[in-house]
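# Descriptive structure summary
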Amino acid sequence: MDMTDPHETADLLERQDSRLLSQVAVLVGRQVGAALEARGATKHDFAVLATLDQYGPDSQANLARRTRIDRSDMVAALSGLEAAGAVVRDVDATDRRRNVVALSAAGRARLAELAAALEVAQAQAMAPLDAAERDVLRGLLRKLRG
């Protein structure tokens, strides 16, 4: 019979910051992803809606850069959001090769719904940390991301 603790990890592994960061990212990503999925949305949907809400109408290419979403994934996200009536895509009047994407009233309401769900999911994921620790962690993660 194996009497090892399945939660024991080799010291060398515990010293690998990249491994720990990756494991935490997976765990938190699952919680956030499940909260969005329960509402028929994805992380990309939320990123697009939040970006349009803050910066206003923008081109697909700029949205991809601002959200750090690959352009091909951006096309898929926008297609789904447009089908749901959350965004409106129009040809740019000054450059017919570009599409300009704008947030609709339904998109603004959808963003509020998703933001509330994410607030709950993130609070659950970050429960072991107090508010000051979360602020420090957020700052360090932004520094690492660059």
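Everything in this summary refers to the structure shown in the same document. (Residues numbered from 1 in each chain as written. Predicted model: local features only at pLDDT ≥ 70, side-chain atom pairs only at ≥ 80, totals over all residues. Heavy atoms only, no water.)

### Thoughts on the packing of helix 3 (residues 43–55) against helix 4 (residues 60–67)
To be explicit about the condition: Axis definition: a line fitted to C-alpha atoms, over the contacting stretch in the case of helices. Angles run 0 to 180 degrees between N-to-C directions. Strands are runs of DSSP state E lasting at least 2 residues, helices are runs of H or I lasting at least 4, and numbering of each runs from the N terminus. An angle counts as roughly parallel when it lies under 35 degrees, as roughly antiparallel when it exceeds 145, as roughly perpendicular when it falls between 65 and 115, and as oblique in every other case. Note on contacts: a residue pair qualifies if any of its non-hydrogen atoms lie within 4.5 Å across the two residues. Note on residue categories: nonpolar means Ala, Val, Leu, Ile, Met, Phe, Trp, Tyr, Cys or Pro, charged means Asp, Glu, Lys or Arg, and polar means any other residue, Gly included.
Following both chains from N to C, one finds helix 3 and helix 4 inclined at 105 degrees, their axes separated by 10 Å at the closest point. Relative to helix 4, helix 3 is oriented roughly perpendicular. In this structure, helix 3 uses Ala47, Val48, Thr51, Leu52 and Tyr55 to contact helix 4, whose residues at the interface are Leu63, Arg66 and Thr67. Grouping the constituent residues of the contact of helix 3 with helix 4 by class yields 5 nonpolar, 2 polar and 1 charged.

### Focus on the sheet that holds strand 1 (residues 58–59)
The condition that has to hold: Strands qualify as paired when DSSP identifies two bridges or more between them.
The 3 strands lie next to each other as 1-3-2, forming an open sheet whose pairing is antiparallel. Every other strand in the sheet has two partners, leaving strand 1 and strand 2 (87–91) as the edge strands with one partner each. Sheet analysis places strand 1 next to strand 3 (residues 99–103), joined by 2 bridges and oriented antiparallel. Of the residues in strand 3, the one forming a bridge with Asp58 is Val101.

### Focus: a nonpolar patch on the surface
The condition is simple: Only residues whose relative accessible area exceeds 30% and that take part in no salt bridge are eligible for patches, with like-charged residues grouped when within 9 Å of each other and nonpolar side chains (Val, Leu, Ile, Met, Phe, Trp, Tyr) grouped when within 5 Å. Note that accessible areas follow from Shrake-Rupley with a 1.4 Å probe, and for residues the cover is restricted to the protein chains shown. Put simply, a salt bridge is a Lys or Arg side-chain nitrogen that is within 4 Å of an Asp or Glu carboxyl oxygen.
A cluster of nonpolar residues, Leu21, Leu141 and Leu144, forms a patch on the protein surface that exposes about 290 Å² of accessible area. Checked against the element boundaries, Leu141 lands in helix 7 (residues 131–145).

### Details of the side chain of Asp92
Which entries qualify depends on this criterion: For the exposure calls, accessible area comes from a 1.4 Å probe over protein chains only, and a residue counts as buried if that area is under 20% of its type's maximum, exposed if over 50%, partly exposed in between. Pairs of N or O atoms are called polar contacts if they sit within 3.5 Å, as long as, within protein, a hydrogen donor faces a hydrogen acceptor (for residues adjacent in sequence, only side-chain-to-side-chain pairs).
With respect to the helices and strands, Asp92 occurs in the loop between strand 2 and strand 3. On the basis of relative accessible area, Asp92 is assigned to the buried category, the value being 7%. Side chain to side chain, Asp92 and Arg98 meet in a polar contact 2.4 Å long.

### Points about the packing of aromatic side chains
The cut-off we apply is this: In summary, the pairing rule links any two rings of Phe, Tyr or Trp, Trp by its six-membered ring, whose centres are within 6.5 Å, and it sorts them by plane angle into stacked for under 30 degrees, edge-to-face for over 60 and tilted for everything else. Counted as over-ring charges are cases with an Arg CZ or a Lys NZ within 6 Å of the ring centre that also lie within 35 degrees of the ring normal.
Using the criterion set out here, one finds 0 aromatic pairs in the structure. The ring of Tyr55 has Arg66 lying over it, and the distance from NZ or CZ to the ring centre is 3.9 Å.

### Structural notes on helix 3
The cut-off we apply is this: Expected helix span is computed as 1.5 Å times (number of residues minus one). Summarising the geometry, the arc corresponds to the directions from the helix axis toward the C-beta atoms.
Here helix 3 contains 13 residues, and its C-alpha end-to-end distance of 18 Å stays within 8% of the 18 Å for a straight helix at 1.5 Å per residue. Burial in helix 3 covers these residues: Asp45, Val48, Leu49, Thr51 and Leu52. Take helix 3 and look down its axis: the buried residues cluster within an arc of 165 degrees, on one side only. On the buried face of helix 3, the contacting elements are strand 1, helix 4, helix 5 (71–83), strand 2, strand 3 and helix 6 (105–125). Following helix 3 by one or two positions, Gly56 has its phi on the positive side, about 85 degrees.

### Considering the pattern of salt bridges
Applying the stated criterion across every chain yields a total of 7 salt bridges. Arg66 serves as the salt-bridge partner of Asp58, at 3.2 Å between the closest nitrogen and oxygen. By relative accessible area, which is 11% here, Asp58 ends up buried. A relative accessible area of 43% places Arg66 in the partly exposed class. One salt bridge in this structure joins Arg138 and Asp135, with 2.9 Å as the shortest N-O distance. One end of the pair is Arg138 and the other is Asp135, both in helix 7 and 3 residues apart, which spans about a single turn. Classification of Asp135 by relative accessible area gives partly exposed; the value is 48%.

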